[in-house]
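# Close look at the chain arrangement
This is what each chain is made of:
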Amino acid sequence: MAFDARALFDLNFPDITWRDGQWAQAESRLRTRKLAAGTTLFAQGDATPALFGVLAGCIESRFSNAQGQTSVVENVEAGRTFGLASFVTALPSTYEALALEPTRLLVIGPAAYAWLMDEVPGFARALMREFARRYDGTLKLLEAARHRGAEERLCLALQHLRREGRATPAGAGPWTMQLTQSELATRANVSRQTANEWLAQWAARGWIARRYRGLVIARWPTPANA
């Protein structure tokens, strides 16, 4: 799936009402960037130069510890934005952003960001809502990691991703979700082996089916004690 700039804005900032000629002004301030597969957009610890949106392709965000071990945080598919926290706060990025495949990005740099914040009603509200949603989700996952078992943490991680818009319903049929096993394990704070074991159990129960970099969800998994 691929998006143009307007479609990406409409998806991520639905409260914006564009006045006559205003979108043309916004578009003139935006830039696009192409990345070849395997290209690093920014490294862990770098300043994030812009707020980015994925028009086509996929960006993997991942972080490394002092021992050089790498964990995938998430895969940012077309239609989604990333880099918000580091860009807005001017703090070093906590993760590396890498193109998994040929990828085209929308770049909202400092000048475009300032203009959108000052001139476009709805843009600031949408960003605030996104910050609040991510913060609430992070708190829930942190609480789960400390006080709940692996199955429940995995279930909560899936629900968190669903609220982020990562799952797509097919009418009255199953949901589809772009998600790697490594990303799910990181979100739930479990090992990849543990995530794999629970995914296998859920598949055996007919709740999910595994696909390449994704899941088909016929029934949202719930822990046995729920």
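Scroll up for the structure.
Being a predicted model, the structure only gives us computed values, none of them experimental.

### Here's the deal with the overall build of the protein chain
In terms of helices and strands, the protein chain carries eight helices and twelve strands. In summary, the protein chain has a C-alpha radius of gyration of 18 Å against a globular reference of 17 Å for 226 residues, a match within 12%. The buried share among the 226 residues of the protein chain stands at 44%. By element, 53% of the accessible surface of the protein chain is carried by carbon and sulfur atoms, the whole surface being about 11600 Å². The average position of the 27 basic charges and that of the 21 acidic charges among the side chains of the protein chain differ by 3 Å.

### Side note on the sheet that holds strand S11 (residues 208-211)
Strands sit in the order S9-S10-S12-S11 across an open sheet of four strands; the sheet is antiparallel. In the strand order of this sheet, the two ends are held by strand S9 (167-169) and S11, each with one partner. Strand-to-strand twist of the sheet, defined as the mean angle between neighbouring strand axes without regard to direction, takes the value 20 degrees. For strand S10 (residues 175-178) and strand S12 (residues 214-217), the ladder comprises four bridges, and the chain directions are antiparallel. Each residue of the ladder has a partner; that of methionine 177, found in S12, is leucine 215.

### Some remarks on the packing of aromatic side chains
A complete count under the given rule lists 14 aromatic pairs for this structure. Judged by centre distance (5.0 Å) and plane angle (75 degrees), the ring pair of tryptophan 18 and tryptophan 23 falls under edge-to-face. Judged by relative accessible area, which is 15%, tryptophan 18 ranks as buried. Given a relative accessible area of 12%, tryptophan 23 falls into the buried group.

### Re helix H7 (residues 181-188)
Residues spaced three or four apart along an α-helix face the same direction, because each turn holds 3.6 residues. Most of H7 sits inside the fold, with six of its eight residues counted as buried. Listed as buried for H7 are Ser182, Glu183, Leu184, Ala185, Arg187 and Ala188. One or two steps after H7, the chain reaches asparagine 189, where phi turns positive at roughly 60 degrees.

### Topic: the side chain of glutamate 183
Relative to the helices and strands, glutamate 183 is located in helix H7. A polar side-chain atom of glutamate 183 sits 3.0 Å from the main-chain amide nitrogen of asparagine 75. Not counting residues within four places of it along the chain, the set of residues in contact with glutamate 183 comprises Val72, Val73, Glu74, Asn75, Leu161 and Arg166.

### Considerations on the packing of helix H6 (residues 150-163) against H7
H7 packs onto H6 with a crossing angle of 110 degrees between their chain directions and a minimal axis gap of 8 Å. On the basis of the axis angle, H6 is roughly perpendicular to H7. Taking contact as the criterion, the partners of Arg153, Leu154, Ala157, Leu158, His160 and Leu161 in H6 are, on H7, Glu183, Leu184, Arg187 and Ala188. When the residues that make up the contact of H6 with H7 are grouped by side-chain class, the tally is six nonpolar, one polar and three charged.

Thresholds, definitions, all that
- Residues numbered from 1 in each chain as written.
- Predicted model: local features only at pLDDT ≥ 70, side-chain atom pairs only at ≥ 80, totals over all residues.
- Heavy atoms only, no water.
- Helix = DSSP H or I, 4+ residues; strand = E, 2+ residues; numbered from the N terminus.
- Rg over C-alpha atoms; globule rule 2.2 N^0.38 Å.
- Buried < 20%, exposed > 50% of the residue type's maximum accessible area, 1.4 Å probe, protein only.
- Areas by Shrake-Rupley, 256 points an atom, 1.4 Å probe, with all protein chains shown as cover.
- Lys, Arg positive; Asp, Glu negative; His and termini not counted.
- Charge placed at Lys NZ, Arg CZ, Asp CG, Glu CD.
- Pairing = 2+ DSSP bridges.
- Axes fitted to C-alpha atoms, helices over the stretch in contact; angles between N-to-C directions.
- Phe/Tyr/Trp six-rings, centres within 6.5 Å; stacked < 30°, edge-to-face > 60°.
- Polar contact = N/O pair within 3.5 Å; in protein donor to acceptor, adjacent residues only side chain to side chain.
- Contact = heavy atoms within 4.5 Å.
- Parallel < 35°, antiparallel > 145°, perpendicular 65-115°, else oblique.
- Nonpolar A, V, L, I, M, F, W, Y, C, P; charged D, E, K, R; others polar.

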